[in-house]
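Chain by chain, the residues:
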Amino acid sequence: MEVDILELSDRSAKFVLSKVSTSFANGIRRAMIADVPTLAIEYVNLYDNTSVLYDEQLALRLSLIPIVTDAETYVPQAECDVCGGEGCPACEVSLTLSAEGPGTVYSRDLISSDPKIQPADPTIPIVELKKGQKLVLEAVAHMGYGRDSVKWQAGVACGYKNVPVINIQNCDACGHCAAECPKGIIRFEESGAKVSEEDILKCSLCRLCEQVCDIHAIKVDFDENAFVFTMESDGSYTARDLAINAANVIKGKAEEILSILDQF
Amino acid sequence: MGYKCTRCKQKVEIDYEYTGIRCPYCGHRILVKERPTTIKRINAE
């Protein structure tokens, strides 16, 4: 397996994953979306709400706020050995909110009981309060999996495509393929049409260039065992940590199978 | 169950048998239910 990182930032990453099967690449994608546990608000204790949003709608908005997750400190509640799933400081964190209008209540107004656990984005609007309107609540966040609810989904835009392979032979430099290419990656030199190594990853495999070439000089194919992987985190983890955690999930499952098979 | 008149802001009890939905103080017919003072737990889903 080879990994070639093209772009890496806090929230997103793009890399080429090669010498792996489609099943493995899809396994990584699915693990990022569904199997990496994150923190999200599970229930809300409302003390006062005179805002225009009714309680259930407010709770739903709160639950969809991404929360920075510390996977080393917190465990999913169902797997908590300390409390057995009833709720304890090892598996839940409390965030309080107290606001009075006029003004907009933002995610930064949530005050966490653990300073490490904060909303990933501080400027997510929760509700707009008019003069005299009040909102007082305590929100309790649990660790959970994306397969159970979208609020626990850490990877929000994870996908891949095969690495394109473009072969150009006996080109007569007519220019039709370059005019047709929606990505504009085909350039012309004296010897004919060319696509650079960097630009080839932009190819969407639409094959319009192939169709428009009268002499069939251009052939578009793809590498079955190499993938251009694009991923984006909701902010609960950095893109790097999300990829590492997804790989660890797959590793953990493989080890579980091995330990079961070892018993026979 | 406590209600509040939207005009005179008085707390009123609804008398379904005689007066019906009407404020006994000002006669206004729009009453709103007061929010209970207990803590309300809502599942965020």
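About the criteria used
- Residues numbered from 1 in each chain as written.
- Chains lettered and ligands numbered in written order.
- Predicted model: local features only at pLDDT ≥ 70, side-chain atom pairs only at ≥ 80, totals over all residues.
- Heavy atoms only, no water.
- Helix = DSSP H or I, 4+ residues; strand = E, 2+ residues; numbered from the N terminus.
- Buried < 20%, exposed > 50% of the residue type's maximum accessible area, 1.4 Å probe, protein only.
- Contact = heavy atoms within 4.5 Å.
- Buried area = accessible area lost by both parts, 1.4 Å probe.
- Salt bridge = Lys/Arg side-chain N within 4 Å of Asp/Glu carboxyl O.
- Polar contact = N/O pair within 3.5 Å; in protein donor to acceptor, adjacent residues only side chain to side chain.
- Nonpolar A, V, L, I, M, F, W, Y, C, P; charged D, E, K, R; others polar.
- Pairing = 2+ DSSP bridges.
- Arc of directions from axis to C-beta.

Re the side chain of asparagine 45 of chain A
Link 1 in the chain: Within the secondary structure layout, asparagine 45 of chain A lies in strand S3 (residues 38-49).
Link 2 in the chain: On the basis of relative accessible area, asparagine 45 of chain A is assigned to the buried category, the value being 14%.
Link 3 in the chain: In this view, asparagine 45 of chain A contacts Val136, Leu137 and Glu138 of chain A together with Ile39, Lys40 and Arg41 of chain B; residues no more than four positions away in its chain are not counted.

Points about the interface of chain B and chain A
Link 1 in the chain: Taken together, the contacts link nine residues of chain B with 15 residues of chain A.
Link 2 in the chain: Carbon and sulfur atoms supply 48% of the area that chain B and chain A bury against each other, a total of about 1,100 Å² over both sides.
Link 3 in the chain: Contact with chain A buries surface across chain B, with Arg35, Ile42 and Ala44 of chain B losing the most and accounting together for 54% of the total.
Link 4 in the chain: Between lysine 40 of chain B and aspartate 55 of chain A there is a salt bridge; the shortest N-O distance is 2.8 Å.
Link 5 in the chain: Our count for the contact surface shared by chain B and chain A stands at six residue pairs in polar contact (both at pLDDT 80 or more).
Link 6 in the chain: Classifying every residue of the side of chain B that touches chain A by side-chain character gives three nonpolar, two polar and four charged.
Link 7 in the chain: Bridge count for S3 of chain A against strand S4 (residues 40-43) of chain B is four bridges, and the pairing is antiparallel. Counted as the bridge partner of asparagine 45 of chain A is arginine 41 of chain B from S4 of chain B.

Considering helix H2 (residues 55-63) of chain A
Link 1 in the chain: Among the residues of H2 of chain A, Asp55, Leu58, Ala59, Leu62 and Ser63 of chain A are the ones counted as buried. Buried residues in H2 of chain A, looked at end-on, bunch into an arc of 135°, giving them a common side.

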